[in-house]
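# Chain and residue survey
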Amino acid sequence: MRRATTQHRASTLQLLAHSPSVEWLDAVEGPDQQVPEGNTILPVFPLNNVKWPGNEVVLEAVEPAYRQMYDDIIFTGARRVLIPFSPCVRGKPGLVRFPDMLPEDRRLHVVGSVVFVEDLKQTSGGYLVKHSVLGRARIKQLLNPSALFNLDKDGWKVDYLRAEVESFNETDSVLDERAARILEESWEELRQLAKKSYEPELPPMPTLRNHTIWQLADVWQKHQLEVNWFRVRNHVQAQVQAWIRLAKEEGRLPPVFASRDMPAIPSNFLPPALQQAVRQTASVRGLELSDEFWEP
């Protein structure tokens, strides 16, 4: 009976989280495209992240192309932007820069988040912009794909990407009573497993009862990021401690550190590869995640 209940619960959760397979759109340099008048065109800001409807997104526009994009938004009053997921430059977590990416990584999720510019503040380097995520839209075609590749003499993009899009007619809602009960039971099971494993825990489900499905997806995504960061950071710390033990045994530590059982040494004493790993795991933003992490 326990097994049947667990299987039923798992299948129900899969149904709740069901999403069509991720579709990719290859980004290839080419001529600009024209669309019939009246079709929906949005500026595109690719990110190495997925933004969920019902949440806020704060972006810093530093590149000239994106400063121009927000200048155009201010001038025209058209305050919507499409944010599709894109792979990042390998070895540089979060950096979306198509000329520096491998050919197989130069692609975008066909479906992106539609965000609305709520507030824009000018900074010394550009704009700090707060958006609300309205919903999702599908890219029908990229209108100026070469904008992803054309750089000025300083290595900055000179134009921003535009796309013809089709918005989804979908509404966000809270779970019905039965689905919420099943999710709450499974959620609590995961919390208890995390507690036993000394890993980051999900927030208590009662505090999330009024969250929409999209907002719950955002909570889950942030939790998965935190868990991945926790595990990677622990792995790096274990490597550092192993290196320190070996260096101490071989007499390679300076006397001021060698006299301690497990000394906390400055990172510049570590090998370059470990130094880089320590820097990258200093915050969750340093995680280098596979594309599969972001897929449903």
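Everything below is about the structure printed above this text.
Notes on the structure in this doc start here.

Rules behind the numbers
- Residues numbered from 1 in each chain as written.
- Predicted model: local features only at pLDDT ≥ 70, side-chain atom pairs only at ≥ 80, totals over all residues.
- Heavy atoms only, no water.
- Helix = DSSP H or I, 4+ residues; strand = E, 2+ residues; numbered from the N terminus.
- Buried < 20%, exposed > 50% of the residue type's maximum accessible area, 1.4 Å probe, protein only.
- Contact = heavy atoms within 4.5 Å.
- Areas by Shrake-Rupley, 256 points an atom, 1.4 Å probe, with all protein chains shown as cover.
- Phe/Tyr/Trp six-rings, centres within 6.5 Å; stacked < 30°, edge-to-face > 60°.
- Lys NZ or Arg CZ within 6 Å of the ring centre and 35° of its normal.
- Salt bridge = Lys/Arg side-chain N within 4 Å of Asp/Glu carboxyl O.
- Expected span 1.5 Å × (residues − 1).
- Arc of directions from axis to C-beta.
- Axes fitted to C-alpha atoms, helices over the stretch in contact; angles between N-to-C directions.
- Left-handed = near helix turned anticlockwise from the far one by under 90°.
- Nonpolar A, V, L, I, M, F, W, Y, C, P; charged D, E, K, R; others polar.
- Polar contact = N/O pair within 3.5 Å; in protein donor to acceptor, adjacent residues only side chain to side chain.

## Topic: the overall build of the chain
Along the chain, the regular secondary structure elements total 6 helices and 8 strands. For the chain, with 296 residues in total, the buried portion stands at 38%. The contacts of the chain with a sequence gap of at least 6 include a subset with a gap of at least 24, amounting to 68%. Element-wise, carbon and sulfur atoms account for 52% of the exposed surface of the chain, whose accessible area totals about 17500 Å².

## Considering the packing of aromatic side chains
Scanning the model with the defined rule gives 7 aromatic pairs in all. Centroid distance phenylalanine 293 to tryptophan 294: 4.9 Å. Interplanar angle 85°. Geometry classified as edge-to-face. Tryptophan 294 sits in the buried class, given a relative accessible area of 10%. Arginine 107 extends its terminal NZ or CZ atom over the ring of tryptophan 24, reaching a point 3.6 Å from the ring centre. The lysine or arginine in question, arginine 162, covers the ring of tyrosine 160, its NZ or CZ lying 4.1 Å from the ring centre.

## Quick word on the environment of serine 167
Mapped onto the fold, serine 167 is located in strand β8 (residues 161-167). You can call serine 167 partly exposed: its relative accessible area is 39%. In sequence terms serine 167 and threonine 40 are 127 residues apart; their C-alpha atoms lie 8.6 Å from each other. If sequence neighbours within four positions are ignored, serine 167 has contacts with Arg80, Arg136 and Ala137.

## What about the pattern of salt bridges?
As enumerated under the stated definition, the model contains 15 salt bridges in all. Linking arginine 90 and aspartate 105 is a salt bridge whose minimum nitrogen-to-oxygen distance equals 2.7 Å. One end of the pair, arginine 90, is in the loop between β4 (80-84) and β5 (107-109); the other, aspartate 105, is in the loop between β4 and β5, and 15 residues separate them in sequence. Overall, aspartate 105 belongs to the buried group, its relative accessible area being 7%. In this structure, aspartate 159 and arginine 162 form a salt bridge, with 3.2 Å as the shortest nitrogen-oxygen distance. Residue classification places arginine 162 among the partly exposed residues on the basis of a relative accessible area of 26%. Among the ionic contacts, a cluster of salt bridges with common partners joins Arg90, Glu104 and Asp105.

## Examining helix α2 (residues 64-76)
Look at α2: 18 Å from first C-alpha to last across 13 residues, which is about the 18 Å you get at 1.5 Å a residue. For α2, the complete set of buried residues consists of Ala65, Tyr66, Met69, Tyr70 and Ile73. Angular distribution of buried residues about the axis of α2 spans 135°; they occupy a single face of the element. Opposite the buried face of α2, at more than 90 degrees from it, the exposed residues are Ile74 and Phe75. Glycine 77 sits one or two residues past α2 and shows a positive phi near 80°.

## Observations concerning the packing of helix α4 (residues 213-249) against helix α6 (residues 272-280)
With their axes 10 Å apart at the nearest point, α4 and α6 run at an angle of 145° to one another. Crossing of α4 against α6: the hand is left-handed. Listed contacts from α6 to Val236, Gln239, Val240 and Trp243 of α4 are Leu274, Ala277 and Val278. Counted by class, the contact of α4 with α6 contains 6 nonpolar, 1 polar and no charged residues.

## Overview of the side chain of aspartate 105
Polar side-chain contacts of aspartate 105 include one of 2.7 Å to the side chain of arginine 90. Ignoring anything within four residues of it in the chain, the contact list for aspartate 105 reads Pro87 and Arg90.

## Focus on unusual backbone geometry
A positive phi angle, close to 60°, is found at tyrosine 198, a residue other than glycine. Within the secondary structure, tyrosine 198 sits in the loop between α3 (177-197) and α4.

## As for α3
Given a rise of 1.5 Å per residue, 21 residues ought to cover 30 Å, and the 30 Å separating the end C-alpha atoms of α3 matches this to within 8%. Regarding α3, the residues found buried are Ala179, Ile182, Leu183, Ser186, Trp187, Arg191 and Ala194. N-cap assignment for α3: the residue whose side-chain oxygen lies 3.2 Å from the backbone N of arginine 178 is aspartate 176.

## Some details on the environment of aspartate 159
In this fold, aspartate 159 is placed in the loop between β7 (127-142) and β8. Look at aspartate 159 and you get partly exposed, because its relative accessible area is 26%. The sequence separation of aspartate 159 and leucine 148 amounts to 11 residues, and the corresponding C-alpha distance is 7.9 Å. Among residues more than four places away in sequence, those in contact with aspartate 159 are Ala65, Asn144 and Ala147. At 3.4 Å, the side chain of aspartate 159 forms a polar contact with the side chain of asparagine 144. Of note is the side chain of aspartate 159, whose polar atom sits 3.2 Å from the side chain of arginine 162.

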